[in-house]
Amino acid sequence: MTPDQYVESVLLKYTAPVGANSPSEIIGSTVAGPIRAWAGNQLNSLEYSGSYAKGTAIHGVSDADIFISLKADTTNSLKDLYEGVYSLAESQGWSPRRQNVSIGIIINGNRGDLVSGKVQSGYQNYHSLYLSKRDSWTQTNVANHIQIVSQSQRIKEIKAIKIWKALRQIDFPSLYLELFTINALNGHSRNAVATNVITVLRTIGSSLSSTRIVDPSNTNNILSDELTKAEKDRISALAALSAVERSWANIIW
């Protein structure tokens, strides 16, 4: 088996289910009714976001991300919306947990994230989100993120790096990882998945701490600031070790 064939076999193993019976869509169909009732006339849209929408989901690892878009004239503050989603999830028995911009939920053993955002007046896809860690807010454009990642032609490499990080229980935020991978492979072949994965691991090992990754929808949102120097150093050290492994079975499995 060639390195490319091995990586492809691992990717196949972690293929995330899609369609009506997938965990993501089961969560989506479960939460849709209560969320629509909670939001009422202020609901702009209710959509899948995150790895499921981008095509980078990993079976058994990725959560189902649901984006709750509220209209620009919604009078509730961003914090009130965030807490309102938490209260809704609590009342529905979805085992909510507060996270930075989302409310984590568990439904029938399946994990999901609910993110509420308010449309910025005069824009269609730009939203303001509450940041609970800073008691502040940020601007984002989920549709733009989905388009950039899903059309990057680097889905296989991104998924392989996500598998690598999951196996090592690394905290590496998804959008940060996805954009870092895309940037690291700029100018590289589209048909050398194993070589490309090693390239990304080497780049993480040598340049994670010094590479600045910016949210393409908000130049004030520095995604690379989401990890501390100590966290980046740990990830870099693990990536450097994996990049020189002689056996692919010790990199991802």
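Up top is the structure.
These figures come from a predicted structure and were not determined experimentally.

*Asks:* Can you break down the overall build of the protein chain residue by residue, with the values?
*Replies:* Of the regular secondary structure elements, the protein chain holds nine helices and nine strands. Expressed as lengths along the three principal axes of its C-alpha atoms, the size of the protein chain is roughly 55 × 40 × 30 Å. Scored against the burial criterion, the 253 residues of the protein chain give a buried share of 49%. The contacts in the protein chain between residues at least 6 apart in sequence include a share of 64% that link residues at least 24 apart. Total accessible area on the protein chain stands at roughly 12,400 Å², and carbon and sulfur atoms take up 47% of it. Averaging the coordinates of the 24 positive side-chain charges in the protein chain and doing the same for the 21 negative ones gives two points 4 Å apart.

*Asks:* Can you lay out the layout of surface pockets for me, pointing to particular residues and giving the numbers?
*Replies:* Put simply, the largest pocket is a space of about 1,500 Å³. Together, 44 residues line the largest pocket, and Val-101, Pro-173, Ser-174, Leu-175 and Glu-226 are the ones closest to its centre. In this structure, the second largest pocket occupies an estimated 280 Å³ of space. Along its surface, the second largest pocket is lined by 18 residues, and Pro-23, Gly-60, Val-61, Ser-62 and Asn-110 are the ones closest to its centre. The set of elements that each furnish at least two residues to the lining of the second largest pocket consists of helix H2 (23-39), helix H3 (50-54) and strand S5 (110-119). Element by element, the count of residues in the lining of the second largest pocket is highest for H2, at three residues.

*Asks:* How would you sum up the environment of Arg-111? Please name residues and give values.
*Replies:* For Arg-111, the position within the fold is in strand S5. The spatial distance from the C-alpha of Arg-111 to the C-alpha of Ala-53 is 16 Å, given a sequence separation of 58 residues. Discounting residues that sit within four places of it in the chain, Arg-111 has contacts with Ile-27, Asp-63, Ala-64, Arg-97, Ile-105 and Ile-106. A distance of 3.3 Å separates polar atoms of two side chains, one belonging to Arg-111 and the other to Asp-63.

*Asks:* Lay out the nonpolar core with the relevant residues and their values.
*Replies:* Counting residues in each nonpolar core, the largest one holds 39 residues, and the members touching the most others are Trp-164, Phe-172, Leu-201, Ile-204, Trp-248 and Ile-252. Secondary-structure elements contributing two or more residues to this core are helix H1 (3-13), helix H6 (155-167), helix H7 (174-184), helix H8 (193-207) and helix H9 (229-243). In this structure, Ile-27, Val-31, Leu-46 and Tyr-130 belong to the second largest nonpolar core, which totals 24 residues.

*Asks:* I'd like to hear about the pattern of salt bridges, residue by residue, with values.
*Replies:* Applying the stated criterion across every chain, the model contains eight salt bridges. Taking the shortest distance from any N to any O, the salt bridge between Glu-157 and Arg-154 comes out at 3.8 Å. Residues joined in a network through salt bridges with shared partners are Lys-54, Lys-162 and Glu-178.

Conventions adopted
Residues numbered from 1 in each chain as written. Predicted model: local features only at pLDDT ≥ 70, side-chain atom pairs only at ≥ 80, totals over all residues. Heavy atoms only, no water. Helix = DSSP H or I, 4+ residues; strand = E, 2+ residues; numbered from the N terminus. Buried < 20%, exposed > 50% of the residue type's maximum accessible area, 1.4 Å probe, protein only. Contact = heavy atoms within 4.5 Å. Areas by Shrake-Rupley, 256 points an atom, 1.4 Å probe, with all protein chains shown as cover. Lys, Arg positive; Asp, Glu negative; His and termini not counted. Charge placed at Lys NZ, Arg CZ, Asp CG, Glu CD. 1 Å grid on protein atoms, 1.4 Å probe; cavity = no way out; pocket = protein on both sides within 12 Å on 5 of 7 lines; lining within 4 Å. Points joined across faces, edges and corners; volume = space filled by probe spheres on them. Polar contact = N/O pair within 3.5 Å; in protein donor to acceptor, adjacent residues only side chain to side chain. Core = buried A, V, L, I, M, F, W, Y, C linked by side-chain atoms within 4.5 Å. Salt bridge = Lys/Arg side-chain N within 4 Å of Asp/Glu carboxyl O.

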